[in-house]
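Secondary and tertiary structure notes
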Amino acid sequence: MSQPQLLILPDNNAELPLDVQELQFWLEKVVAWGQADSPDTQKDTCQHVSRLREFLQQLLTHIGNMSSTTEAMRRMPFLGQFLGRLCWNHYVTCDATSRSLLLQCLWGLYSERPSNAVERKCNHWIRKVLCQLATEEDNATGQGIVKYLGVPLKVYHLQVLKKMVSLLLENVNKSCSSFCNPNKRCFCESVLATSERCIPLVTCLEAAPLISALLQQPLTCVKATLSSTFLDAVSCAYSRQCLLLDEQAVIALWRQSLSSLESAVLTLLESVLANVESTPQKIEQQIAQSLLPKACAQHCSIFLVVNDIFRSVLKQTERSHLVRFAIQSFTSCFLRELALLQPQKCTSLKVFFPQSPQHLLIPLLTQTSEMLPAAWRHHLKWLSSSLQRLTEHEEEMEEKRSSSGQCTVFEAWFLLVQCAHWVHLAAQLLVTSDTEDCGPLLWLLTFYYHPTNSGHQRAQQLVRASEVWHRFYSLVVASAHPFPVDRLQVLTALPSPQQPSLDPPLNLILLINFAVFSHLPLSGLTEILHTVVHRCGAVGAAAFVLGSLDLRLNRGSDTNAARLQIKALQNTLTHTDAE
């Protein structure tokens, strides 16, 4: 790179912020030193390095006080050539402190948004200098430094990278100055430019602290924006596990990159749904180990995006028990993370669930453990009647060819899926319900599996569920063994126009809850389970229902008897599957 002659100092030296004599001294020195090739020049350079550091520090301070690069070049037109000559003097750049100050001065002159030809030319020159100093292996300066230090070229470049990262990190961590003095150059101006410079470094281990700092830069200043290309590069590197970031840096990435957040949610769902034989315990463990529930608890904006993705997936896979269970497990993990936050950091639940019917929000989000068991049945009846009123209103609107209410009913069902612990409790209480009490609980259960009533399907399923429940109930009351064949046939009969079959998931949840919570002999229970599951070919589905029930009871108390019953029934299913 050619080195043009130094410009003559302007006549108005009184306006310069630096001491004129000191300034003239260093201008003459850098010209005399050249590239420090002769022994005398090298000796003189080494003797003056300490004093040079002090001058560079003063120079850096004055650059920082300038409002723009244009102002800095107008007041100090010698500056570019002065810094350039020092950059080619490897006895100056070998000194760590001098080199750091030099790089900071160069970076201070870089314009994030160049407004004129001077600033654009300055940016181009700075990029060229930094590139040659840090990456070019065959330049004379790099070879001279390596020869002087006696280190391999790759080691030298690695040290240069670390120093550059350290320097940029200091600038990123500086607080915003625009609030204190609007005329002073804001440190945040370098954030966008720094993020763009980091794009080739996103997979470098040494750059991880800088990338984390950029992602977590407070968004209090409009100038502290990050390059969208940088965010895409970081997201890609993180998803390919080529970049290690701490938790808060990942959460900051999700806040600023919608595509990165969507990718994380879809990847989690795909991993959950990839294995149809996955157990409820494994699914919940996989979701709990994900960072997404914590991110949702800390930032409502993230939760709203995640919830919207779940809403869309549920519409497309309404009958998938894996999707419903994944959404329920995620909501449960999210609520646990939300409870761990300090009260002053908590956001109202109404903000997290703006589309849900507000009168149902708290009643459904309440955990069964937060309520006395004596109040469970009354609470479930209230939920059932409230949801039933919503559906009846929707059906009236459909008859009038109006769309009003349809969104409300779907949102109510979506919330019920997220809070399915009340549905499972309803199935459990049906075992001990009298004939007069079963109606509301059966309706809630049927609505969960059939949210729409197209072709009166829900009404037909409700009639069928009531019939099956009565058959189960009569078996419990009769306690006969062996069980009458005609009472079991209703559970496995083929459908017909006059007698549609009961939806398999609804059938299984009724069957398994009777098997777990009734007081029938175990031999009789295993006979019923074996008969129904074997004839329907629903071994896998039955095992999943038993597993989810075991998971729910494991969080409660006094469930040893029921869990022993579950274990025995699981063994029965294992033998059934082997057959």
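Residues numbered from 1 in each chain as written. Predicted model: local features only at pLDDT ≥ 70, side-chain atom pairs only at ≥ 80, totals over all residues. Heavy atoms only, no water.

**Some thoughts on the overall build of the protein**
Check the secondary structure of the protein and you find 30 helices and zero strands. Out of the 579 residues belonging to the protein, those deemed buried represent 50%. Counted over contacts in the protein with a minimum sequence separation of 6, partners at least 24 positions apart contribute 71%. Only carbon and sulfur atoms are counted for the fraction: they give 54% of the accessible area of the protein, which is about 28,000 Å². (Helix = DSSP H or I, 4+ residues; strand = E, 2+ residues; numbered from the N terminus. Buried < 20%, exposed > 50% of the residue type's maximum accessible area, 1.4 Å probe, protein only. Contact = heavy atoms within 4.5 Å. Areas by Shrake-Rupley, 256 points an atom, 1.4 Å probe, with all protein chains shown as cover.)

**With respect to unusual backbone geometry**
The phi torsion at Gln-241 lies on the positive side, around 60°, for a residue other than glycine. Among the secondary structure elements, Gln-241 is positioned in the loop between helix H12 (228-239) and helix H13 (247-256). A relative accessible area of 72% means that Gln-241 is categorised as exposed.

**Some details on the state of the cysteines**
Within this structure, the stated rule accounts for zero disulfides. Cysteine Cys-87 remains unbridged, with the sulfur of Cys-105 as its closest cysteine sulfur at 9.3 Å. (Disulfide = S-S within 2.5 Å.)

**Details of the pattern of salt bridges**
Two side chains bearing opposite charge may form a pair once their charged atoms approach each other closely. Summed over all chains, the structure comprises nine salt bridges. Of the charged contacts in the structure, one is a salt bridge between Lys-294 and Glu-247, with a shortest N-O distance of 3.0 Å. Of this pair, Lys-294 sits in helix H16 (residues 292-298) while Glu-247 sits in helix H13, placing them 47 residues apart in sequence. Between Asp-308 and Arg-311 there is a salt bridge whose closest N-O contact spans 3.0 Å. A residue pair is termed a helical-turn pair when its members lie 3 or 4 positions apart in one helix, as Asp-308 and Arg-311 do in helix H17 (residues 300-316) at three residues. For Arg-311, a relative accessible area of 8% gives the class buried. Shared partners join several salt bridges into a network, and the residues in it are Asp-308, Arg-311 and Glu-411. (Salt bridge = Lys/Arg side-chain N within 4 Å of Asp/Glu carboxyl O.)

**Some details on the packing of aromatic side chains**
Each aromatic ring pair is described using two quantities: the centre-to-centre distance and the angle formed by the ring planes. Counted under the stated rule, the structure contains 17 aromatic pairs. Each ring, one from Phe-303 and one from Phe-334, has its centre 4.3 Å from the other, and the planes form 20°; the classification is stacked. Of this pair, Phe-303 sits in helix H17 while Phe-334 sits in helix H18 (residues 321-340), placing them 31 residues apart in sequence. For Phe-303, a relative accessible area of 1% gives the class buried. The exposure class assigned to Phe-334 is buried, which follows from its relative accessible area of 0%. Through pairs of rings, three or more aromatic residues link up here, namely Phe-25, Trp-26, Trp-33, Phe-55, Phe-78 and Phe-82. Over the ring of Phe-25 we find Arg-51, and its NZ or CZ is 4.2 Å from the ring centre. (Phe/Tyr/Trp six-rings, centres within 6.5 Å; stacked < 30°, edge-to-face > 60°. Lys NZ or Arg CZ within 6 Å of the ring centre and 35° of its normal.)

In short, shape yes, function no, at least from these values alone.
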